[in-house]
Number of protein chains: 2
Amino acid sequence: MSDAAYVHGYSVREAARLSDQAGALSRLLHHDTHYPAGSHVLECGCGTGAQTVLLASSSPEARIVSMDMLPASVEEARRRIEAAGFGNVAFQTANVYNLPFNQRSFDHVFVCFLLEHLSRPLQALHALRQVLRPGGSITVIEGDHGSWYCHPQTPESSRTVQCLIEIQARLGGDSLIGRRLYPLVVEAGFRQVHVSPRMVYVDDSRPELVEAFSKNTFIAMVEGVREQALSWGLIDANAWDKGIADMYRATESGGTSCYTFFKATAVK
Amino acid sequence: MSDAAYVHGYSVREAARLSDQAGALSRLLHHDTHYPAGSHVLECGCGTGAQTVLLASSSPEARIVSMDMLPASVEEARRRIEAAGFGNVAFQTANVYNLPFNQRSFDHVFVCFLLEHLSRPLQALHALRQVLRPGGSITVIEGDHGSWYCHPQTPESSRTVQCLIEIQARLGGDSLIGRRLYPLVVEAGFRQVHVSPRMVYVDDSRPELVEAFSKNTFIAMVEGVREQALSWGLIDANAWDKGIADMYRATESGGTSCYTFFKATAVK
């Protein structure tokens with residue numbers, strides 16, 4: 001679903017990470033998304049189906065088409081949906097810049113964790129607007145890696161996160177896209193644009209988030225670009241390893257951390 | 001109310017800024033704070049009374065004692081409360097480290113925008129715990145200047161904000177205190193500690209926040225340390241002025257910004 005190299009890779013650990021993230025954060029991100037019975041919904045960039053399961057579950061009578069540009073991801077998503085027993089999702093392999101759908105053929109479009117990986121997110125939104133009927137809605141959920149901070153924070157932990165941001169930028173994406181969702185969706189021609197931040201705040205009193213988000217989602221994502229960061233000379237190994245250790249330190253007793261997702265809704 | 005130099009100064013513009021902030025952000029920060037009739041409430045660090053008015057209004061039958069270490073601020077707060085017609089607030093000039101109250105004499109303690117200016121916030125919380133009755137509550141609201149980011153962001157805008165953070169640190173305070181409220185309040189011996197982040201997200205669709213928060217609160221606060229930053233050699237004038245201009249740019253069409261306050265509640 002991306003025209004840039006996919007920064008997260010496609011390993012088993014990555015799939016587990018994305019699944020953890022979808023589980024722990026599903027209420028925060030998705031509790032206010034429900035599509036009516038019979039409505040025709042396009043999920044663009046379904047990946048291996050982590051969000052597809054949530055969509056199918058929260059809108060059981062909507063007719064959902066979930067697409068991704070990678071056949072292997074689409075097959076994995078299909079298996080996941082079948083295993084979960086949902087019958088309201090059709091799958092398709094397609095590219096967002098060349099959508100194989102009629103204009104104005106969907107009532108709603110749903111996009112989650114896609115635009116950050118695209119070099120032309122505005123063009124992608126234009127393309128999605130084309131297949132949406134007038135009066136239909138779009139929902140876009142993206143993270144913003146620059147929104148992360150922790151206590152205690154160190155220069156090295158900040159630098160490791162900055163490496164992820166820079167690598168994603170070099171690969172053609174923008175991991176700071178959350179903060180610019182509003183102007184992007186406005187510029188793509190949508191109206192009634194509303195953006196709400198969804199902050200994940202983690203401290204000792206929220207151990208499930210320490211595991212599911214801090215360790216298994218965010219730090220795992222940063223750790224995933226270690227070799228890239230070192231081979232590109234963005235940081236040396238000692239600083240990297242200290243930065244990662246410092247991030248883990250902030251997940252221990254007395255530590256806190258924050259990360260913010262942004263959810264945009266708008267109408268064509 | 002601080003043992004460190006007060007980074008915000010005491011000018012007329014500062015008073016207006018603090019008043020703006022109290023007005024625009026009062027719902028976000030204070031909507032869930034109400035004290036019962038007859039309860040004895042200590043507001044520690046009332047300054048010129050911006051929050052005192054909100055407290056007196058939302059808890060009209062509580063008996064509030066508002067204190068600050070600066071007699072001039074206390075007098076201004078007293079005039080403000082009298083002008084607003086509230087009769088449920090008594091004022092006192094006192095220092096948080098040497099509280100002139102009996103142990104266990106308050107049902108509730110309220111602290112807002114105070115700890116960031118103290119060199120010994122933990123000791124202050126210990127002192128406040130002493131004057132609280134067992135089972136009484138404490139509420140602490142603080143900002144975190146490191147939580148700020150915007151779009152479009154530039155190296156210079158980041159540096160100007162970093163100057164404010166560094167100046168406040170050199171003056172003995174900690175403007176990153178929001179993220180460490182949880183461990184501080186826990187370490188001070190309180191229980192049932194709960195921290196909730198309160199993010200101010202600003203885009204074109206929220207013009208009142210552009211004015212009241214982005215321009216008249218946050219950027220005004222950063223601008224307030226210009227001379228200090230230059231005289232201490234933290235930044236040169238050109239970079240400073242570009243940084244401020246870039247921050248204003250992010251308040252214009254297509255720009256966004258985020259800042260997070262943290263609210264802790266706990267029980268003795």
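Residues numbered from 1 in each chain as written. Chains lettered and ligands numbered in written order. Predicted model: local features only at pLDDT ≥ 70, side-chain atom pairs only at ≥ 80, totals over all residues. Heavy atoms only, no water.

What am I meant to see in the overall build of chain A here?
Each helix and strand counted, chain A has 9 helices and 8 strands in total. Relative to its length of 268 residues, chain A is compact, with a C-alpha radius of gyration of 18 Å against a globular reference of 18 Å. Along the three orthogonal principal directions, the C-alpha set of chain A runs to about 55 × 35 × 35 Å. Long-range contacts, defined here as pairs at least 24 residues apart, represent 81% of the contacts in chain A between residues at least 6 apart. A total of about 10300 Å² of accessible surface is found on chain A, and carbon and sulfur atoms cover 51% of it. Across chain A, the 24 positively charged side chains and the 28 negatively charged ones have centroids separated by 7 Å. (Helix = DSSP H or I, 4+ residues; strand = E, 2+ residues; numbered from the N terminus. Rg over C-alpha atoms; globule rule 2.2 N^0.38 Å. Contact = heavy atoms within 4.5 Å. Areas by Shrake-Rupley, 256 points an atom, 1.4 Å probe, with all protein chains shown as cover. Lys, Arg positive; Asp, Glu negative; His and termini not counted. Charge placed at Lys NZ, Arg CZ, Asp CG, Glu CD.)

So what exactly am I meant to see when it comes to the interface of chain B and chain A here?
By convention, interface size is frequently given as the accessible area that disappears when the constituent parts associate. Contacts between the two partners involve 25 residues from chain B and, on the opposite side, 25 residues from chain A. With both sides pooled, the region where chain B packs onto chain A buries about 2000 Å², and carbon together with sulfur makes up 65% of that total. Taken together, the links from chain B to chain A amount to 0 salt bridges. Along the contact surface separating chain B from chain A lie 8 residue pairs in polar contact (both at pLDDT 80 or more). With 5 residues, strand E7 (residues 191-202) of chain B is the largest single contributor of residues to the side of chain B that touches chain A. When grouped by side-chain class, the residues that make up the side of chain B that touches chain A number 10 nonpolar, 9 polar and 6 charged. (Buried area = accessible area lost by both parts, 1.4 Å probe. Salt bridge = Lys/Arg side-chain N within 4 Å of Asp/Glu carboxyl O. Polar contact = N/O pair within 3.5 Å; in protein donor to acceptor, adjacent residues only side chain to side chain. Nonpolar A, V, L, I, M, F, W, Y, C, P; charged D, E, K, R; others polar.)

So what exactly am I meant to see when it comes to unusual backbone geometry here?
With an omega dihedral of -5 degrees, the bond running from His151 of chain A to Pro152 of chain A counts as a cis peptide bond. Relative to the helices and strands, Pro152 of chain A is located in the loop between strand E6 (149-151) and helix H5 (155-170).

For this particular structure, what's the right way to read the packing of aromatic side chains?
One pair of aromatic rings is described through two measures. These are the centre distance and the angle between the planes. Counted according to the given criterion, the structure contains 18 aromatic pairs over all chains. Centre to centre, the rings of Phe101 of chain A and Phe106 of chain A are 5.1 Å apart; their planes meet at 85 degrees, and the pair counts as edge-to-face. Across the pair, Phe106 of chain A and Phe101 of chain A agree in class, each one buried. Each ring, one from Phe213 of chain B and one from Phe218 of chain B, has its centre 6.5 Å from the other, and the planes form 15 degrees; the classification is stacked. A relative accessible area of 3% means that Phe213 of chain B is categorised as buried. An aromatic cluster is defined as three or more aromatic residues linked by ring pairs; in this entry it consists of Phe113, Trp148, Phe213, Phe218, Tyr259 and Phe261 of chain A. Taking the ring centre of Phe190 of chain A as reference, the NZ or CZ of Arg129 of chain A above it sits at 5.9 Å. Its end group placed over the ring of Tyr97 of chain B, Arg120 of chain B keeps NZ or CZ at 4.0 Å from the ring centre. (Phe/Tyr/Trp six-rings, centres within 6.5 Å; stacked < 30°, edge-to-face > 60°. Buried < 20%, exposed > 50% of the residue type's maximum accessible area, 1.4 Å probe, protein only. Lys NZ or Arg CZ within 6 Å of the ring centre and 35° of its normal.)

How should I be thinking about the packing of helix H5 (residues 155-170) of chain B against helix H9 (residues 237-249) of chain B in this particular structure?
Any two packed helices are characterised by how steeply their axes cross, that is the angle between the axes, and by the distance between the axes. Residue and element names in this part refer to chain B. One can describe the packing of H5 onto H9 by two numbers: an axis separation of 7 Å at closest approach and a directional angle of 105 degrees. Considered as vectors, H5 and H9 are oriented roughly perpendicular to each other. For the pair H5 and H9, the contacting residues are Glu156, Ser157, Arg159, Thr160, Val161 and Cys163 in the first and Ala239, Trp240, Lys242, Gly243, Ile244, Asp246 and Met247 in the second. Partitioned by chemical class, the residues of the contact of H5 with H9 number 6 nonpolar, 3 polar and 4 charged. (Axes fitted to C-alpha atoms, helices over the stretch in contact; angles between N-to-C directions. Parallel < 35°, antiparallel > 145°, perpendicular 65-115°, else oblique.)

Looking at this model, I keep getting lost on the side chain of Thr33 of chain B. Mind explaining?
Residue and element names in this part refer to chain B. The topology assignment puts Thr33 in the loop between helix H1 (12-30) and strand E1 (40-44). Within the structure, Thr33 has its side chain in polar contact with the side chain of Lys263 (distance 2.6 Å). Apart from residues lying up to four places away in sequence, Thr33 is in contact with Leu55, Ser58, Phe110, Thr139 and Lys263.

Looking at this model, I keep getting lost on the pattern of salt bridges. Mind explaining?
Working definition: two side chains of opposite charge can pair if their charged atoms are close together. Overall, the coordinates contain 28 salt bridges over all chains when judged by the stated rule. Two residues, Asp174 of chain B and Arg180 of chain B, come together in a salt bridge whose shortest N-O distance is 2.7 Å. Residue Asp174 of chain B is classed as buried on the basis of its relative accessible area of 18%. Taking the shortest distance from any N to any O, the salt bridge between Arg206 of chain B and Asp203 of chain B comes out at 3.9 Å. Accessibility assignment for this pair places Arg206 of chain B and Asp203 of chain B in one class, buried. Taken together, the salt bridges that share partners define one network made up of Asp32, Arg198 and Lys263 of chain A.

Would you mind showing me how to read the relation of the copies chain B and chain A here?
Relating the two copies of this chain is a rotation about some axis coupled with a shift parallel to it. With an RMSD of 0.0 Å, the fit of chain B onto chain A corresponds to turning through 180 degrees and sliding 0.0 Å along the axis. What the superposition gives is, in effect, a two-fold axis relating one chain to the other. (Least-squares fit on C-alpha atoms with pLDDT ≥ 70 in both.)

How should I be thinking about the pairing of strand E2 (residues 63-68) of chain A in this particular structure?
As a general feature of sheets, a regular strand has side chains that alternate between the two faces. All names here are of chain A. Across the 6 residues that make up E2, a large majority, 5, are buried. Of the strand pairs in this sheet, strand E1 (residues 40-44) and E2 are connected by 5 bridges, and their pairing is parallel. Across the sheet, the residue bridging to Val41 is Ile64, located in E2. With helix H2 (residues 50-58) bridging E1 and its parallel neighbour E2, the resulting β-α-β unit is right-handed. When E2 meets strand E3 (residues 89-93), the two strands line up parallel, connected through 5 bridges. Paired with Ile64 across the bridge in E3 is Val89. (Pairing = 2+ DSSP bridges. Right-handed = clockwise from strand over helix to strand, strands pointing away.)

Help me understand the environment of Ala77 of chain B, please; the structure alone is not making it clear to me.
All names here are of chain B. If you trace the backbone, Ala77 turns up in helix H3 (residues 71-84). You can call Ala77 buried: its relative accessible area is 0%. When the C-alpha positions of Ala77 and Asp204 are compared, they lie 34 Å apart, and in sequence the two are 127 residues distant. Residues in contact with Ala77, not counting those within four places in the same chain, are Cys46, Gly47, Thr48, Gly49 and Phe91.

When you look at the environment of Phe190 of chain A in this model, what are you seeing that I'm missing?
Residue and element names in this part refer to chain A. Within the secondary structure, Phe190 sits in the loop between helix H6 (181-187) and strand E7 (191-202). Taking the relative accessible area as the measure of exposure, Phe190 reaches 6% and is therefore buried. Note: C-alpha distance between Phe190 and Gly135 (55 residues apart in sequence) is 9.9 Å. Filtering out sequence-adjacent residues up to four positions away, Phe190 remains in contact with Leu125, Arg129, Leu132, Ile138, Val185, Ala266, Val267 and Lys268.

Even after reading the chapter, I still don't get the environment of Cys163 of chain A, so can you show me in this structure?
Residue and element names in this part refer to chain A. Note on placement: Cys163 falls in helix H5. Separated by 81 residues in the primary sequence, Cys163 and Ile244 have C-alpha atoms spaced 12 Å apart. Residues contacting Cys163, with those up to four places away along its chain left out, are Ala229, Leu234, Ile235 and Trp240.

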